[in-house]
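# Summary of the model geometry
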Amino acid sequence: MIRSSLAIAAGKLARGVSRLRGGGSALPGLVTETIDPQVLAHTLAGLPGGIVVVSGTNGKTTTTKMLVALLRAHGQRVFTNPTGSNFTRGVISAMLAEIPLSGRLDADWAVLELDEAHALHFARAVSPTHALLLNVARDQLDRFAEIDQTAQLLTRLAEQTTRGVVLNVDDSFISRIHGSVGEGVSVAWFGVDPSCADLLPGLQEADVRDADGAAALPDSADTSLLLVHDERSFTVTGSADVGPVTLQQRGLAAMINATAATAAARAVLGETFDAARAARTLATVTPPFGRGEVIDVDGHPLELVLVKNPAGFTVALGTYGNEPVDTMIAINDNYADGRDVSWLYDVSFESLREQGVALTSGVRGWDMALRLQYDGVPVAQVEPDLDAALERFLEEHRGRPTRIFCTYTAMMHLRRRLAARYGLARFGEDAQ
Amino acid sequence: MTATADGGEPAVSKGTVHLVHLYPREMSIYGDLGNTRALASRLRWHGYSAVVHDHHPGAPWPEQVHLVLGGGGQDSGQARVQEDLAVQADRLRGLAADGVPMLMICGMYQLFGQAFVTAEGRRLPGLGILDVTTTGNPTRMIGPVVLDTPIGQVVGYENHSGATVLGEGQEPFGRVRHGQGNNGTDGTEGARTGNVIGSYLHGPILPANPALSDHLLELAATRATGSWEPAEVDDSIAEQAHQRQVRRLLRG
Ligand SMILES: [Zn+2]
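Residues numbered from 1 in each chain as written. Chains lettered and ligands numbered in written order. Predicted model: local features only at pLDDT ≥ 70, side-chain atom pairs only at ≥ 80, totals over all residues. Heavy atoms only, no water.

## A short note on the overall build of chain B
Rule in force here: A helix here means a DSSP run of H or I that spans at least four residues, while a strand means a run of E at least two residues long, and both kinds are numbered starting from the N terminus. The globule rule is 2.2 Å times the number of residues to the power 0.38, and the radius of gyration it is compared with is taken over C-alpha atoms. Accessibility here uses a 1.4 Å probe with only protein chains present; expressed as a share of the type maximum, an area under 20% marks a residue as buried, one over 50% as exposed, and anything in between as partly exposed. Any two residues whose heavy atoms approach within 4.5 Å at even a single point are treated as in contact. Residues counted as positive are Lys and Arg, residues counted as negative are Asp and Glu, and His and the chain ends are not counted. Where a charge sits is defined by one atom per residue type, namely NZ (Lys), CZ (Arg), CG (Asp) or CD (Glu).
A count of helical and extended segments in chain B gives five helices and 15 strands. A globule of 252 residues ought to have a C-alpha radius of gyration of about 18 Å, and chain B, at 17 Å, matches this closely. When its C-alpha atoms are laid out on the principal axes, chain B stretches across 55 × 45 × 30 Å. A burial count over chain B gives 58% of its 252 residues as buried. For chain B, the share of sequence-separated contacts (at least 6 apart) that also reach a separation of at least 24 residues comes to 70%. Distance between charge centres in chain B, computed from 19 positive and 26 negative side chains, equals 5 Å.

The structure is reproduced here in structure tokens:
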């Protein structure tokens, strides 16, 4: 424990220094971890409730935020890592802000968003009590070279989990993990009700996941299924139905995230889970930064939609594609975007054909226009410079609902500009 | 096997060209199916009809084949196609020797070579259509690429762990101007024998390099119809995308 305190003190110091320099959020965590790799274990293991990890390729941030809200609505004190710092070091950095030198967190539960690539590293230090595993999709980021490898990492994470695992019944890479959980560990499920399975085409990429056969049919008592009523409203069925709910955030992806969060809240809270309270809570959760965020541009909505891999872009298009909204697409290829833009060819853009795309932008704006050309989608303009593109897009589409699909660094850039103009919350400031 | 006619057939077709994509489920990672779609679209733009045959393991071979494509895959994907590839080996060698144009990317490029030697030293034989040998390598070669090739500069993106060495007298597909290429040391990328091209370039390679696309189509359409009568195609967007990559990567 002394060593832990020392590590935390050193980390806090580093945190102060890196803040003064305006540096990144991973440094203080790195300092602490170097001194005491067990710091996570020491600090988190003492929590009276447990440790819930949320992992998978798409939807981690939104789902984590919803799950935290659900647990807090049930009177639980929850520690969580802020949006976008989902590496082990980010978790430590977040803890440093909240814990006294004693190393005790003032919380019942930790609910942590874990990057797949870092899930194993985390699980080596700490055994989660619960794991919510969302999906495995090929991410465009170069560090996830192989989809099989990602599935393996999540399987290992499930093996390390001590009390309950929540799995996606519709993703065979995830559902087959049920065979790997430890003895006495409960398995709960979430998914899309078969009656609305037709909403899912394209959600799963054309890869080899189906070749290994289907998962065992889950027990309905432990299953939370998404029943979609219309574009905005849905119910999560299960032991007691949650809904109808209308989320702050639009789209099928958000509904699936809400279903996953509900299943995990049921697994964590057990008997004390209150369906009516859960429905009220889900309706109040605001979208995390960049996930379907709506910016008020002189009284008209501008939606910023982060796209980072084929499955995510496909879902976003399926949600938004047919609505009459003026569209811009901004594609960068920095490391944080994924340097390879090949993945754009694993997305079908046909739903944009009728409406067309007003503008493509970013370092790979011309490549995006080329991709659209091959899907027969008309592109009015190409302007690689993001500032010039945004200026023109807002000017020429004044007074109309607009939407920008963008990769990570393009989104950061555009949001900074929009924040300056329309007074948005600062980065990382995500009102709870 | 499924055969799908590409939509929007021209009013008067100059002829029908049959494309085969080998193992689209197992071997088309990183958008390699975009190559097949690009060729089908371009055939239509040039006034031809295109039929795309998705060849899955165990399926019968299509009756007409004018061009064969293959892409990259994961190890599990390669393992799944190995058996069918052995069944089709003689046929593919025959078609290659007969001049059928083929484009094999990444994993399929490796399988078209003499052998793949695993990191543990196990030698897995390939089809031997291209005289190349690939050795498993712990460090991946990843990043954007520019090549000089006989049909002009080619841009793409490589992502492979195997290091490939050309056999004596084997022609490469191109010379590396930016990137790693076959092995990161000898400046070669890919391999080319007759009308068969192997390359590590994703991107996917064909949409951003229309000259390469039309080179393959010329060979395929000539086989199918006896001649190649291209139409005027507006490639200005592709040229912008292409030139920007070349400029940006060769600047440094
Ligand atoms: Zn590759």
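Read on for the rest.
## Brief notes about the interface of chain B and chain A
Defined as follows: A quick way to say it: buried area is the sum, across both parts, of accessible area lost when two parts are put together, with a 1.4 Å probe. Every case where a carboxyl oxygen of Asp or Glu lies within 4 Å of a side-chain nitrogen of Lys or Arg is listed as a salt bridge. Here a polar contact is recorded for every N or O atom pair within 3.5 Å, except that within protein the pair must consist of a potential hydrogen donor and a potential acceptor, and residues adjacent in sequence are included only if both atoms are side-chain atoms. Each residue gets one label: Ala, Val, Leu, Ile, Met, Phe, Trp, Tyr, Cys and Pro are nonpolar, Asp, Glu, Lys and Arg are charged, and the others, such as Gly, are polar.
Taken residue by residue, the interface counts 34 residues in chain B and 27 residues in chain A. Carbon and sulfur atoms supply 54% of the area buried between chain B and chain A, which totals about 2,800 Å² over both sides. Summed over the three residues of chain B that lose the most area to chain A, namely Y30(B), Q74(B) and I237(B), the buried surface amounts to 21% of that side. Between the two partners, chain B and chain A, sit one salt bridge. Linking R248(B) and D333(A) is a salt bridge whose minimum nitrogen-to-oxygen distance equals 2.7 Å. For the interface between chain B and chain A, the tally reads six residue pairs in polar contact (both at pLDDT 80 or more). For the side of chain B that touches chain A, the elements supplying multiple residues, two or more each, are α1 (33-45), α2 (75-97), β9 (141-149) and α5 (236-251) of chain B. Residue contributions to the side of chain B that touches chain A peak at seven residues, all from α5(B). Its residues assigned to classes, the side of chain B that touches chain A comprises 14 nonpolar, ten polar and ten charged.

## What about the sheet that holds strand β11 (residues 163-166) of chain B?
Residues and elements named next belong to chain B. To keep it simple, the criterion reads: Here a strand pair is declared whenever DSSP counts at least two bridges between the two strands. In this analysis, axes come from line fits to C-alpha atoms, helices being fitted only over the stretch in contact, and the angle between any two N-to-C directions falls in the range 0 to 180 degrees.
Here we have four strands laid out as an open sheet, ordered β7-β6-β8-β11, and mixed in their pairing. Of all the strands in the sheet, the pair left with one neighbour each is β7 (123-125) and β11. Neighbour-to-neighbour, the strand axes of the sheet open up by a mean angle of 20°, direction not taken into account. In the sheet, strand β8 (residues 132-135) pairs with β11 via four bridges, with the strands oriented antiparallel. Within β11, the position partnered with V132 by the bridge is L166.

## Some thoughts on the confidence of the model for chain B
Residue and element names in this part refer to chain B. Basically, it comes down to this: pLDDT is a residue-level measure of predictor confidence that goes from 0 to 100.
Here chain B averages 92 in pLDDT, while 95% of its residues score no lower than 70. Taken as a whole, residues 1-7 scores under 50 in pLDDT and shows 20 contacts with residues more than four places along the chain or in a different chain. The ipTM assigned to the predicted complex is 0.94, against a pTM of 0.78.

## A short note on the side chain of E189(B)
Residues and elements named next belong to chain B. Tracing the backbone through its elements, the reader meets E189 in strand β13 (residues 188-189). R192 provides the closest opposite charge to the buried, unpaired E189, separated from it by 10 Å. Only 2.8 Å separates the side chain of E189 from the backbone nitrogen of Y200, close enough to count as a polar contact. Not counting the four nearest positions on each side in its chain, E189 is found in contact with L147, P172, F173, G174, V176, G181, N182, S199, Y200 and L201.

## Focus on the sheet that holds strand β12 (residues 174-178) of chain B
Working definition: the strands of a sheet are paired by backbone hydrogen bonds and lie parallel or antiparallel to each other. Residues and elements named next belong to chain B. In space, the four strands of this open sheet follow the order β10-β9-β12-β13, with antiparallel pairing throughout. Edge positions in the sheet fall to β10 (152-160) and β13, since each has one partner strand and no second. By the bridge criterion, three bridges tie β9 to β12 in an arrangement that is antiparallel. Note that in β12 the partner of V146 across the bridge is H178.

## Points about the packing of helix α13 (residues 386-396) of chain A against helix α14 (residues 408-422) of chain A
Residues and elements named next belong to chain A. Rule in force here: Every angle not falling under 35 degrees, over 145, or within 65 to 115 is termed oblique; those three ranges are roughly parallel, roughly antiparallel and roughly perpendicular. Whether a crossing is left-handed or right-handed is set by the direction in which the near helix is turned from the far one by less than a right angle, anticlockwise for left-handed and clockwise for right-handed.
Interaxial distance between α13 and α14 falls to 10 Å at its minimum, and their mutual angle equals 55°. Between α13 and α14, the angle is such that the two are oblique. Handedness of the crossing formed by α13 with α14: right-handed. Contacts from L386, D387, L390, E391 and L394 of α13 reach α14 at A410, H413, L414, R417, L418, R421 and Y422. Residue composition of the contact of α13 with α14, grouped by class: seven nonpolar, one polar and four charged.

## Brief notes about the coordination of the zinc ion
All names here are of chain B. Put simply, the test is: In this analysis a donor is any N, O or S atom within 2.8 Å of a metal ion (3.2 Å for sodium, potassium and calcium), and since water is not included, sites may seem incomplete.
Around the zinc ion, the protein contributes the donor atoms C106 (SG), N159 (O) and H202 (NE2), at 2.1 to 2.5 Å from the metal centre. Between the donor residues of the zinc ion, the gaps in sequence give the motif C-x52-N-x42-H. In this pair, C106 sits in the loop between β5 (102-105) and α3 (107-111) while N159 sits in strand β10, placing the two residues 53 residues apart along the sequence. For the residue pair C106 and N159, the accessibility class agrees, reading buried in each case.

## A short note on the environment of D193(A)
All names here are of chain A. With respect to the helices, strands and loops of the structure, D193 is situated in the loop between β6 (186-192) and β7 (223-228). Exposure remark for D193: the relative accessible area of 16% places this residue in the buried category. Remark: the alpha-carbon pair of D193 and A311, spanning 118 residues in sequence, is separated by 19 Å. If sequence neighbours within four positions are ignored, D193 has contacts with L225, L226 and L227.

## Some thoughts on the packing of helix α4 (residues 60-73) of chain A against helix α9 (residues 252-269) of chain A
Working note: a packed helix pair is described by the angle between its axes plus the distance between those axes. Residue and element names in this part refer to chain A. Two numbers describe how α4 lies on α9: the axes approach to 8 Å, and their chain directions differ by 40°. Our classification of the angle between α4 and α9 gives oblique. Relative to α9, α4 is oriented so that their crossing is right-handed. Contacts between α4 and α9 involve T62, T63, M66, L67, L70 and L71 on the former and, on the latter, A254, N257, A258, A260, A261, T262, A264, A265, V268 and L269.

## What about the packing of aromatic side chains?
We apply this condition: Each Phe, Tyr or Trp ring, with Trp reduced to its six-membered ring, pairs with another whose centre is within 6.5 Å; inter-plane angles below 30 degrees give stacked pairs, above 60 give edge-to-face pairs, and intermediate values give tilted ones.
Scanning all chains against the criterion turns up six aromatic pairs over all chains. Between F313(A) and F405(A) the ring centres are 5.4 Å apart and the planes differ by 35°, which places this aromatic pair in the tilted class. Of this pair, F313(A) sits in helix α11 (residues 310-320) while F405(A) is found in strand β15 (residues 402-406), placing the two residues 92 residues apart along the sequence. Residue class for F313(A) comes out buried when judged on its relative accessible area of 0%. Residue classification places F405(A) among the buried residues on the basis of a relative accessible area of 1%. Judged by centre distance (5.1 Å) and plane angle (75°), the ring pair of Y109(B) and Y200(B) falls under edge-to-face. Remark: Y200(B) occurs in the loop between β15 (196-199) and α4 (210-225) and Y109(B) occurs in helix α3; sequence separation between them is 91 residues. With a relative accessible area of 0%, Y109(B) lands in the buried category. Among the aromatic side chains, those forming a connected cluster through ring pairs are F313(A), W343(A), F349(A) and F405(A).

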